[in-house]
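# Topology and contacts: notes
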Amino acid sequence: MRPVWSWFSLCGRALIIFVALHSTSFAEDSLERLRSHIEAAIPPSQGVVGVSIKHMESGIAMAVHGDEPFPMASTFKLPLLVELYAKEKEGLFEWDDLVEISPKDQHLGSSGLTALYDPPGVFLSIRNLANLMMIASDNSAADICLSKVGGPAKVTAGMRKLGIHGIRIDRSCQELILDYGGRDTARLKHLARDDLQEFIRNNPRPETEEARFAEDDRLAADPADSATPDAMVALLERIWQGRAVDPAASDAMMKTLIRCRTGANRIRGLLPPSTDVAHKTGTLGGVVNDVGVIALPDNAGHVAIAVMSKRTRAPREQVERVIADIARYAYDYFTFTAE
């Protein structure tokens, strides 16, 4: 006859196994419900949307088209920022080094830097250029920073050193915008901003919806300057963990990302106003992106999220609402279920 203690021991073990299996099943089912909510949120974009999400404390992750490449637009400034910190640590420059801004340094898609410029000119530190690039998404500042690290190939190589293979940088902002518009990039990219804008005014491209959709399709099919949502989340995770360059650099990058002023209706759009979101947006035609880290309330942890799109036909405001909906689903799920 089996001893009584042995019988209860077997029952206890069976109960533990049952609870463990039930908990695992519940977690998998609830994560699938999150996926279904996210997939249901995508169609109003009228395009292709990729999503990657990871709760960094628990390691719970999910993705929709997470390994598919998407045009980065200005989210490329995030890997560029990482490379800036890497090159500063190598001694290539110092943050307080001053850079003289010439008329030819003012590129398409700039606002903050151009507003500061008044003859005879202006000097800015590399730190301030990096801030303009990330906080206001200034393209002129980004292209100057890109030249400081040695060009696009250096940024791509920096990503490979971090073990990230789903991000590639090939062009400056100036080149990317000119290519998107079907311009003669090689001939025009060195023009001063005012001269370039005058050329564009005198040589307008068709502004029909059909023409824009054709440009969007070309951009989406171009492998240059692209990233997968999974790769963006991997980069965000390395920054958050202090493994991008070093802990001090990673901490400084997170503080800069929290100051981002663009994309108020994207990841931040439906979150409680007090939520800390360290993020970077990107927009070009049918590309509407936002990637960042959400701090959850009540010590529930942090969520890295990348929502990237291409070939979207809906108005930009509608695509932004898709991003906001997805971010809110992730926020709610990990606030109440992640352990």
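Residues numbered from 1 in each chain as written. Predicted model: local features only at pLDDT ≥ 70, side-chain atom pairs only at ≥ 80, totals over all residues. Heavy atoms only, no water.

## Observations concerning the confidence of the model for the protein chain
Taken as a whole, the protein chain shows an average pLDDT of 90; of its residues, 88% reach a score of 70 or greater. Under a pLDDT of 50 for its full length, residues 1–26 has, in the predicted model, three contacts with residues more than four places off or in other chains. (pLDDT = per-residue confidence, 0-100. Contact = heavy atoms within 4.5 Å.)

## What to know about the packing of helix α4 (residues 126–135) against helix α5 (residues 139–149)
For the pair α4 and α5, interaxial distance at closest approach is 8 Å and the crossing angle is 130°. On the basis of the axis angle, α4 is oblique to α5. Between α4 and α5 lies a crossing of left-handed hand. For the pair α4 and α5, the contacting residues are Ile126, Leu129, Ala130, Leu132 and Met133 in the first and Ala141, Ala142, Ile144, Cys145 and Lys148 in the second. (Axes fitted to C-alpha atoms, helices over the stretch in contact; angles between N-to-C directions. Helix = DSSP H or I, 4+ residues; strand = E, 2+ residues; numbered from the N terminus. Parallel < 35°, antiparallel > 145°, perpendicular 65-115°, else oblique. Left-handed = near helix turned anticlockwise from the far one by under 90°.)

## What to know about helix α13 (residues 316–336)
Working note: α-helix, 3.6 residues per turn, so residues spaced by three or four point in the same direction. With 21 residues, α13 extends 31 Å from end C-alpha to end C-alpha; this agrees with the ideal 30 Å at 1.5 Å per step. All buried positions along α13 are accounted for by Val319, Glu320, Val322, Ile323, Ala324, Ile326, Ala327, Ala330, Tyr331, Tyr333, Phe334 and Thr335. (Expected span 1.5 Å × (residues − 1). Buried < 20%, exposed > 50% of the residue type's maximum accessible area, 1.4 Å probe, protein only.)

## What about the packing of aromatic side chains?
This structure, assessed with the given rule, holds three aromatic pairs. Measuring from ring centre to ring centre gives 5.9 Å for Phe93 and Trp95, while their planes differ by 75°; the resulting arrangement is edge-to-face. Each member of the pair Phe93 and Trp95 is classed as buried. A centroid spacing of 4.8 Å and a plane angle of 90° characterise the contact between Tyr333 and Phe334, whose relative ring orientation is edge-to-face. Each member of the pair, Tyr333 together with Phe334, is buried. Through a chain of ring-to-ring contacts, three or more aromatic side chains come together here, namely Tyr85, Phe93 and Trp95. (Phe/Tyr/Trp six-rings, centres within 6.5 Å; stacked < 30°, edge-to-face > 60°.)

## Section: the pattern of salt bridges
Applying the stated criterion across every chain yields a total of 18 salt bridges. In this structure, Asp217 and Arg313 form a salt bridge, with 3.1 Å as the shortest nitrogen-oxygen distance. You can see Asp217 sitting in helix α10 (residues 209–221) and its partner Arg313 sitting in the loop between β9 (302–310) and α13, a full 96 residues away along the chain. Look at Asp217 and you get partly exposed, because its relative accessible area is 26%. Given a relative accessible area of 27%, Arg313 falls into the partly exposed group. With a closest N to O distance of 3.2 Å, Lys255 and Asp251 form a salt bridge. Residue Lys255 and its partner Asp251 are located together in helix α12 (residues 247–258), separated by four residues, close to a single helical turn. The network of salt bridges with shared partners includes Arg171, Asp179, Asp222 and Asp225. (Salt bridge = Lys/Arg side-chain N within 4 Å of Asp/Glu carboxyl O.)

## Some words on the pairing of strand β4 (residues 98–101)
Two faces make up the sheet, and in a regular strand the side chains alternate between them. What you see with β4 is a clean split: Val99 and Ile101 sit on the buried side and Leu98 and Glu100 on the side with no burial. Two elements, β4 and strand β5 (residues 122–125), share four bridges in a ladder whose sense is antiparallel. Within β5, the position partnered with Val99 by the bridge is Leu124. (Pairing = 2+ DSSP bridges.)

## A closer look at helix α11 (residues 229–241)
In this model, α11 (13 residues) spans 18 Å end to end at C-alpha, consistent with the 18 Å of a helix rising 1.5 Å per residue. Positive phi appears at Gly242, one or two residues downstream of α11, with a value of about 85°.

## Some remarks on the packing of helix α2 (residues 77–90) against helix α6 (residues 152–161)
With their axes 9 Å apart at the nearest point, α2 and α6 run at an angle of 85° to one another. In terms of axis orientation, α2 runs roughly perpendicular to α6. Of the residues in α6, those touching α2 at Pro79, Leu80, Val82 and Glu83 are Lys154, Val155, Gly158 and Met159. Considered class by class, the residues forming the contact of α2 with α6 number five nonpolar, one polar and two charged. (Nonpolar A, V, L, I, M, F, W, Y, C, P; charged D, E, K, R; others polar.)

## Some remarks on the nonpolar core
Counting residues in hydrophobic clusters, the biggest one holds 54 residues, and the most contacted among them are Leu78, Leu84, Met133, Ile167, Met232 and Leu235. The element best represented in this core is α11, accounting for seven residues. Of all hydrophobic cores here, the second largest spans 30 residues; its members include Leu31, Ile38, Val49 and Ile267. (Core = buried A, V, L, I, M, F, W, Y, C linked by side-chain atoms within 4.5 Å.)

## Notes on the pairing of strand β1 (residues 48–55)
Counting buried residues in β1 gives six out of eight residues, a clear majority hidden from the surface. Both β1 and β9 contribute to a ladder of eight bridges, which runs antiparallel. Each residue of the ladder has a partner; that of Val51, found in β9, is Val307. Across four bridges, the pairing between β1 and strand β2 (residues 61–64) is antiparallel. In the sheet register, Ser52 faces β2, and the bridge partner there is Ala63. Where β1 folds back on β2, the antiparallel hairpin that results is connected by five residues, among which Gly59 adopts a positive phi of roughly 85°.

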